[in-house]
Amino acid sequence: MIDKINKLLSDIEEVKATNLQELEDLRIKFLSKKGAISVLMDDFRNVAAEEKKVLGMRLNELKNKAQDKINELKENLENSNSTEETIDLTRTAYPVQLGSRHPLSLVKKEICDIFKRLGFSIAEGPEIEDDWHVFSSLNFADDHPARDMQDTFFIARSPEVVLRTHTSSVQTRVMEKQEPPIRIICPGRVYRNEAISYRAHCFFHQVEALYIDKNVSFADLKQVLLFFAKEMFGADTKIRLRPSYFPFTEPSAEMDISCNICGGKGCPFCKHTGWVEILGCGMVDPNVLENCGIDSKVYTGYALGMGIERITNLKYRVKDLRMFSENDVRFLKQFENAQ
Ligand SMILES: [Zn+2]
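What you are looking at is a predicted structure, and each value in this text was computed from that prediction instead of being measured.

### Looking at the layout of surface pockets
Each pocket or cavity is described by its volume, and for the second largest pocket that value is around 160 Å³. Lys 108, Pro 187, Gly 188, Arg 189 and His 205 are, among the 13 residues lining the second largest pocket, the residues nearest its centre. Looking at the lining of the second largest pocket, the elements that each hand over two or more residues are α6 (103–117) and β5 (182–191). For the lining of the second largest pocket, a count of residues per class yields five nonpolar, four polar and four charged.

Written out as structure tokens, the structure reads:
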């Protein structure tokens, strides 16, 4: 019997009630006429006389404890409202999973910020374009390969509607509408009909800059290019320009920077030349200015353009271009702490 009493004593220590019904159930279980304690009381009559004193004291103790516990629980229930009970204000917060900026967005922002400091403002345009804004106004010859289905996604043939192959179409649209001085930077997605591999994709991203005003010269362009290269890749970066050809600029050039991996000494990344190509540029062809209604005898200008993927590869050494569009969280998570 003493074991039963001890068991009930420890059970009573543990009991909890979150509402009045549970409390009533507990009362019935322990204190009602058919409850556990009453059953023990009945058994008590049959206990040997010499054990009665000790057992009687324990039994009373049990009864009082049960009554006290029920009273205590009742008081608690009355004093607290149920809402407070279900919210634990001391619990630590759930860890919130934060996303990260996409590496291409990080680099795009960095490029745009550098040009914004030079007074350039951002211009945007449609990704679905007509032939005029993508090719004709930009001095592309009728038989230029870019006009071929091999290189360009055509949506319609007559009149021609294409997915823009470069962000230069944004420049055309701004030049048509705005009087010089024009100082814009055009970031955006472009499309080319290429087989997808680690080094080519059917869509990628460009940033182009355009400056048109009176007396803009190639020296102004070089100055901006050098400033950009040093801001983007570090103060020790050197640049060099190689003559090139684009339909919409004359003269045209491609710019290399001193390899930011080996510092110009030569490594596998720069194919041991010490230089890596990063962008194309040139003076806006007078034909382009005239096509957009700008007097090429009064105004001159320069344009430059680069692939954001290319710059991102240089900064973060991403070896496979496809990783940018696969949205693999393990890849993206690596840029969590990038600014
Ligand atoms: Zn190198």
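### Let's talk about the environment of Leu 8
Within the secondary structure layout, Leu 8 lies in helix α1 (residues 2–14). Distance in space between the C-alpha atoms of Leu 8 and Ile 37 is 8.4 Å, their sequence separation being 29 residues. Those residues within four positions of Leu 8 in sequence are excluded, and the remaining contacts are Phe 30, Ala 36, Leu 40 and Leu 62.

### Looking at the coordination of the zinc ion
Every protein donor of the zinc ion is listed here as Cys 259 (SG), Cys 262 (SG), Cys 267 (SG) and Cys 270 (SG), and their distances to the metal cover 2.2 to 2.3 Å. The coordination sphere of the zinc ion comprises four donor atoms, whose angles at the metal cover 104 to 113°; the geometry is tetrahedral. Positions of the donor residues of the zinc ion, expressed as sequence spacing, correspond to C-x2-C-x4-C-x2-C. Relative accessible area serves as the criterion here: at 14%, Cys 262 is assigned to the buried category.

### Concerning the domain arrangement of the chain
Structurally, the chain comprises domain 1 (2–85) and domain 2 (103–338). Look at where the C-alpha atoms of domain 1 and domain 2 centre, and you get two points 83 Å apart.

### Remarks on the nonpolar core
Ile 111, Phe 115, Phe 228, Ile 278, Leu 279, Tyr 302 and Leu 304 are the most contacted members of the largest nonpolar core, which totals 43 residues. Those elements that provide at least two residues to this core are α6, β6 (203–213), α9 (218–233), β8 (249–258), β9 (275–284), β10 (300–307), α11 (308–316) and α13 (329–332). Of the residues forming this core, the biggest block, seven residues, is contributed by α9. Among the nonpolar cores identified, the runner-up in size contains 24 residues, and Ile 212, Val 288, Cys 292 and Ile 294 belong to it.

### Quick look at the packing of aromatic side chains
Taken as a whole and assessed by the stated rule, the structure comprises ten aromatic pairs. For the pair Phe 246 and Phe 248, a centre-to-centre distance of 6.0 Å together with 10° between the ring planes defines the contact as stacked. Taking the relative accessible area as the measure of exposure, Phe 248 reaches 18% and is therefore buried. Between Phe 331 and Phe 335, the aromatic rings sit 5.3 Å apart at their centres with planes inclined by 75°, giving edge-to-face as the arrangement. As far as the burial class goes, Phe 331 and Phe 335 line up, both buried. Linked through ring pairs, Phe 135, Phe 140, Phe 246 and Phe 248 together constitute an aromatic cluster. Above the ring of Tyr 94, the side-chain terminus of Arg 91 is found at 4.5 Å from the ring centroid. The side chain of Arg 183 reaches across the aromatic face of Tyr 211, ending 4.7 Å from its centre.

Parameters at a glance
- Residues numbered from 1 in each chain as written.
- Predicted model: local features only at pLDDT ≥ 70, side-chain atom pairs only at ≥ 80, totals over all residues.
- Heavy atoms only, no water.
- 1 Å grid on protein atoms, 1.4 Å probe; cavity = no way out; pocket = protein on both sides within 12 Å on 5 of 7 lines; lining within 4 Å.
- Points joined across faces, edges and corners; volume = space filled by probe spheres on them.
- Helix = DSSP H or I, 4+ residues; strand = E, 2+ residues; numbered from the N terminus.
- Nonpolar A, V, L, I, M, F, W, Y, C, P; charged D, E, K, R; others polar.
- Contact = heavy atoms within 4.5 Å.
- Donors = N, O, S within 2.8 Å, 3.2 Å for Na, K, Ca; no water.
- Tetrahedral: all angles 85-135°; square planar, octahedral: opposite > 155°, others 65-115°.
- Buried < 20%, exposed > 50% of the residue type's maximum accessible area, 1.4 Å probe, protein only.
- Domains from an automatic or database assignment.
- Core = buried A, V, L, I, M, F, W, Y, C linked by side-chain atoms within 4.5 Å.
- Phe/Tyr/Trp six-rings, centres within 6.5 Å; stacked < 30°, edge-to-face > 60°.
- Lys NZ or Arg CZ within 6 Å of the ring centre and 35° of its normal.

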